[in-house]
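# Working through the structure, step by step
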Amino acid sequence: MNFEMLGKISLGKETEKFKPYSETTYDSGWVKRKIMFNAVCGDNRHLLSVDSGSFADGHGDVYTFSKGSANEDGSKAKGETLKIPFKDRLTSPKLAEVAEFKKFIFDLEKPGRRYKLEKAAEKIREGTSLTDEELKEIGLGSEEEVNAAFEKSKNKRHEFISEWDFAEFIKKVIDSGKYSSSKFLIRGNGDYSYSDKKQQVYENYVPQRIYLADSDTDEYSTGTIKILYNDESLDGMSVEEKGKYYVNGYMMEYDRNRKENIPVPVTVTIPAAAEDADSKEKRKVESIKRKFIVEDGTYKELGIEVKMLNGAQKMEITEDMLTDEQKEDLDCGLVTLDDIRADLGGSVYGDRIQEYQFLKIARGFTKGRNDTVYTADDMVIKPLEEEAAEKAGNLFEEDDDL
């Protein structure tokens, strides 16, 4: 599960039960560091977390991955596991070899400014003068300032190979207060673990890249998932009461504790078309529904983008929300619906909602859903002991075959 959010970040209020930032030291000398911070994206508030650990004396290693390369014959060679001593994690010459997808990034430069500074520096080196408009666009008064500004811009990009430093830097940015009203683009992944004791899957949203965004950019929060579903997944029984269809399926996600994928239950909602909606909107809803109709007991896979809703959502004021007096005044022509909307701010907040709402088909699935070989048994998480015994049994069976 990948997510992308654009909004403001902040730390929640600390209480006895909730610590937005903590460092816990154990008898072994291991120190666990964790930050939990809010990403407020319009009407939605999400809790993001980064946690890591290290030994207090700095010993140990960071395991990461190297960049791919090209062989002599032109074929591509995959990267390899890189081991960097923890104490050298910020200075090691091997940092240049680390693959981009394994880095944790926090960039405090304005969007696009570094690129413009780089191009401006190239022009000056080539002997071309910058226009006043070009200088104004990068916020400088003269060509003499360009090179220094470019170097300063590069220093605003902070790269880490360990969540240990990433968590600390996130706290530093928030605590500074300089960016309390700034918007950030955040990209990351869902992290999942299963508790045998509570028979429950736990979900965390883990950011990996955070970029300063333009202040006038619209806020949003979306996720991309691959949902597995069968002939029992689409639920249309509550559409009249709740105004939406539900698709109850699963995502296959990696559980670090088990070191394998587990089926994570997920529900996606499809808002029903309003009674007075035009034919195109009604056809759109029916088209989405059809994608989740399965005629047999097999499991299908479909990649989709969803809106990540978590909070009371703004709703446009409609006639059914009005008081009896407002309805009567409206019927008599004493006011218009626009008059009422203007008086009430144009919109109201509905009930708090926490759900994934269907947005569109994801990349890679424009040709349609995929068939799978999954069965109902694959959607059950087995206790660790049972799973270990089953794996051992399979090994013995293989030995018998030999």
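These lines cover the structure that appears in this document, whether it is placed above or below. (Residues numbered from 1 in each chain as written. Predicted model: local features only at pLDDT ≥ 70, side-chain atom pairs only at ≥ 80, totals over all residues. Heavy atoms only, no water.)

## Regarding the nonpolar core
One finds Phe-106, Ile-227 and Phe-292 to be the most contacted residues of the largest nonpolar core, which totals 52 residues. Ranked by residues supplied to this core, first place goes to helix α4 (residues 163-176) with six residues. If sequence neighbours within four positions are ignored, Phe-292 has contacts with Ile-227, Tyr-229, Asn-230, Leu-234, Val-247, Ile-270, Leu-302, Ile-304, Phe-358 and Arg-369. By size, the runner-up hydrophobic cluster in this structure holds 10 residues, among which are Leu-117, Ala-121, Ile-138 and Leu-140. (Core = buried A, V, L, I, M, F, W, Y, C linked by side-chain atoms within 4.5 Å. Buried < 20%, exposed > 50% of the residue type's maximum accessible area, 1.4 Å probe, protein only. Helix = DSSP H or I, 4+ residues; strand = E, 2+ residues; numbered from the N terminus. Contact = heavy atoms within 4.5 Å.)

## Structural notes on the pattern of salt bridges
Going through the model one piece at a time under the given rule, you end up with 26 salt bridges. Note that Asp-196 and Arg-258 form a salt bridge whose closest N and O atoms lie 2.8 Å from each other. A residue pair is termed long-range when its members are at least 10 positions apart, and Asp-196 in the loop between β11 (183-195) and β12 (200-213) and Arg-258 in the loop between β15 (244-255) and β16 (260-271) qualify at 62 residues. Bridged by salt links that share partners, the residues Glu-100, Lys-103, Asp-107, Arg-114, Arg-157, Glu-159 and Arg-209 form one connected network. (Salt bridge = Lys/Arg side-chain N within 4 Å of Asp/Glu carboxyl O.)

## With respect to the pairing of β12
Sheet faces and side chains relate simply in a regular strand, where the side chains alternate between the two faces. When strand β9 (residues 104-107) meets β12, the two strands line up parallel, connected through three bridges. Paired with Phe-106 across the strands is Ile-210, a residue of β12. As paired strands, β11 and β12 are joined by 13 bridges and run antiparallel to one another. Looking at β12, one finds that Ser-195 is bridged to Gln-200. Here β11 hands over to β12 after four residues, with Gln-199 in that stretch at a positive phi of 50°. (Pairing = 2+ DSSP bridges.)

## Here we look at the packing of helix α1 (residues 113-125) against helix α3 (residues 146-154)
In the contact formed by α1 and α3, the axes pass within 9 Å of each other and the chain directions differ by 145°. Here the hand of the crossing between α1 and α3 comes out left-handed. Of the residues in α3, those touching α1 at Arg-113, Arg-114, Leu-117, Glu-118, Ala-120, Ala-121 and Ile-124 are Val-146, Asn-147, Ala-149, Phe-150, Ser-153 and Lys-154. Tallied by class, residues from the contact of α1 with α3 come to seven nonpolar, two polar and four charged. (Axes fitted to C-alpha atoms, helices over the stretch in contact; angles between N-to-C directions. Left-handed = near helix turned anticlockwise from the far one by under 90°. Nonpolar A, V, L, I, M, F, W, Y, C, P; charged D, E, K, R; others polar.)

## Here's the deal with α1
The end-to-end C-alpha distance of α1, which contains 13 residues, comes to 18 Å, matching closely the 18 Å that a straight helix rising 1.5 Å per residue would cover. As for α1, its buried residues are in contact with β9, α3 and β10 (157-160). Gly-127 sits one or two residues past α1 and shows a positive phi near 90°. (Expected span 1.5 Å × (residues − 1).)

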